[in-house]
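Each chain, written out:
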Amino acid sequence: MRLKKTLTIAGSDTSGGAGIAADLKTFQEHGTYGMTALTVIVTMDPDNKWSHSVYSLPIDVLKAQIKTALSTGIDAIKTGMLSTEEVIQTAGNAIAESKLDHVVIDPVMVCKGEDEVLNPGTVDAMIEFLLPKAEIVTPNLFEAGQLAGTKTPKTVEDMKVAAEKIHALGARNVVIKGGKQLVHDKAVDLFYDGKTFTLLEAEKADTDYNHGAGCTFAAAITANLANGLDVKDAVIEAKTFVTAAISNGWKLNEFVGPVLHGAKNKYGAPEITTTEV
Ligand code: PXL
C-alpha cells in the first residue's frame, strides 16, 4: 500500500511540543509521511520568563512551500498557527486549488499562557477562507466561542450551541475540545457531524504538562483521515492518542511541559467512552 502523505501549514514551536514539531511527530507515529509549510517561527526568551516572540516568514516563502508539498500529491492537510489574514487567505486558496477532501482546520488563536487573539481580523478570515473548506475544525473552548460569535462555552450545552453555529459556517464536522476549563469531571470533547452530538470522555490527567496537546490532536485526526478512517473514528483514535500523550506529559523546564507525542504507541491506549448527547 502506498504511504500516505500529510501536510501541515503551521508555525514552528522551537521548544518542540506544539506546531510543526507536534504535527510531524504525530504524523510519524501514525505511519504517514509528514511534510511542512512553515508560517512563523516562535521562540521563547529564557531570560524573560519564556515570553514568546513570533517571527513571520514572507508570504512568498509560504506559497513556495505549499506549492512544493502539494505537487507531491498530498492525502490530507492540516492548518495550525496562521498569523495574518493574508496567510489565512493563502492557505485557504491553496486548499481550494488542491481540491482535497481531507482538510483539518485547527483554528489556533492564542498560544498557551497568552490570552490575546493573535490578530483580531484573523477570526473573520478563518470564517471566510477556511471553515467552508474544512472536513473538520478543532477549536478549543475559547476558539469555539470566537468562531460561533458566542461567549466562551462553559458547559456541554454551551458547546452544543457553538458546534451548531460553527457547522452552519460550512465546516462539515466540528470537534470542540473541552480541556481543563470545562466544568466537568472528565476530560471531554464534543463531536458534531451536523446530525448527532457525540461526547468523548477520558479520565482527566493529573498534570499541567500538556503543551502541544491541541496540535497533536488535530495532527492525529489528519493522519487518520489520510489513512482512510472515517471522520468519527479518526477523532476517537486522536482522542486516545492525545490522552496518552497528555498523561505522559513531562517537564522540559520551569516554564513548559510538552506532551509525549509517542506515548500511545509506547505505553498503550487509554480508555475512551463515547456517548450520544
Ligand atoms: O499550541 C498552539 C501553538 C501552535 N503553533 C505554534 C505554537 C503554539 C503555542 O506555543 O508555538 C507554532
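Residues numbered from 1 in each chain as written. Predicted model: local features only at pLDDT ≥ 70, side-chain atom pairs only at ≥ 80, totals over all residues. Heavy atoms only, no water.

### Topic: the nonpolar core
Convention followed: Among buried residues, those of type Ala, Val, Leu, Ile, Met, Phe, Trp, Tyr and Cys that are joined through side-chain atoms within 4.5 Å constitute a nonpolar core. Type-normalised accessible area, obtained with a 1.4 Å probe on protein chains alone, sets the label of each residue: buried when under 20%, exposed when over 50%, and partly exposed for intermediate values. Note on contacts: a residue pair qualifies if any of its non-hydrogen atoms lie within 4.5 Å across the two residues.
By size, the foremost hydrophobic cluster in this structure holds 46 residues, and its most contacted members are L7, I9, L130, V137, L147, I166 and I176. If we skip the residues at most four places from it in the chain, L7 touches F27, M35, T36, A37, A69, L70, I74, A76, I77 and K78. By size, the runner-up hydrophobic cluster in this structure holds 19 residues, among which are A220, V231, V235 and A238.

### Observations concerning the pattern of salt bridges
Our working definition: When a carboxyl oxygen of Asp or Glu lies within 4 Å of a side-chain nitrogen of Lys or Arg, that pair is called a salt bridge. Per the convention used, a helix needs a DSSP run of H or I reaching at least four residues, while a strand needs a run of E reaching at least two, with both numbered from the N terminus.
Under the counting rule described, the total for this entry stands at 8 salt bridges. Measuring nitrogen to oxygen at the nearest pair gives 3.9 Å for the salt bridge that ties E203 to K186. Of this pair, E203 sits in the loop between β9 (197–202) and α7 (213–226) while K186 sits in the loop between β7 (174–177) and β8 (187–192), placing them 17 residues apart in sequence. Overall, E203 belongs to the exposed group, its relative accessible area being 56%. Put simply, K239 and D189 hold a salt bridge, and the shortest N to O gap is 3.0 Å.

### Some thoughts on the side chain of D13
Filter applied, for reference: Positive charges come from Lys and Arg, negative ones from Asp and Glu, while His and the chain ends are left out of the count. Here a polar contact is taken to be a pair of N or O atoms separated by no more than 3.5 Å, where protein atoms must pair a possible hydrogen donor with a possible acceptor and residues adjacent in sequence count only if both atoms sit in side chains.
In this structure, D13 sits in strand β1 (residues 5–13). Within the buried set, D13 has no salt-bridge partner at all; the shortest N-O distance to an opposite charge, 8.0 Å, is to K25. At 2.7 Å, the side chain of D13 forms a polar contact with the side chain of H211. Excluding residues within four positions of it along the chain, D13 makes contact with A18, G19, A21, V42, M44 and H211.

### Examining the packing of helix α1 (residues 19–29) against α7
Basically, it comes down to this: Angular values range over 0 to 180 degrees, each being the angle between N-to-C directions of two axes fitted as lines to C-alpha atoms, with helices fitted over their stretch in contact. Angular relationships are summarised with four words: roughly parallel below 35 degrees, roughly antiparallel beyond 145, roughly perpendicular across 65 to 115, and oblique for the angles in between. Left-handed describes a crossing in which the near helix is turned anticlockwise from the far one by less than a right angle; the clockwise case is right-handed.
Contact geometry for α1 and α7: axes closest at 8 Å, N-to-C directions at 40 degrees. The orientation of α1 relative to α7 falls into the category oblique. Considering how the two elements wind past one another, α1 and α7 form a crossing that is right-handed. Every residue of α7 that contacts α1 at G19, A22, D23, T26 and F27 is listed here: C215, T216, A219, A220, T222 and A223.

### Observations concerning the packing of aromatic side chains
Definition in use: Each pair of aromatic rings taken from Phe, Tyr and Trp, with Trp reduced to its six-membered ring, is defined by centres within 6.5 Å and is described as stacked if the planes are under 30 degrees apart, edge-to-face if over 60, and tilted in the remaining cases.
A full pass over the atoms with the stated rule returns 2 aromatic pairs. The interplanar angle of 15 degrees and the centroid separation of 4.2 Å between the aromatic rings of Y192 and F197 together place this pair among those described as stacked. With respect to class, Y192 is no different from F197; both count as buried.

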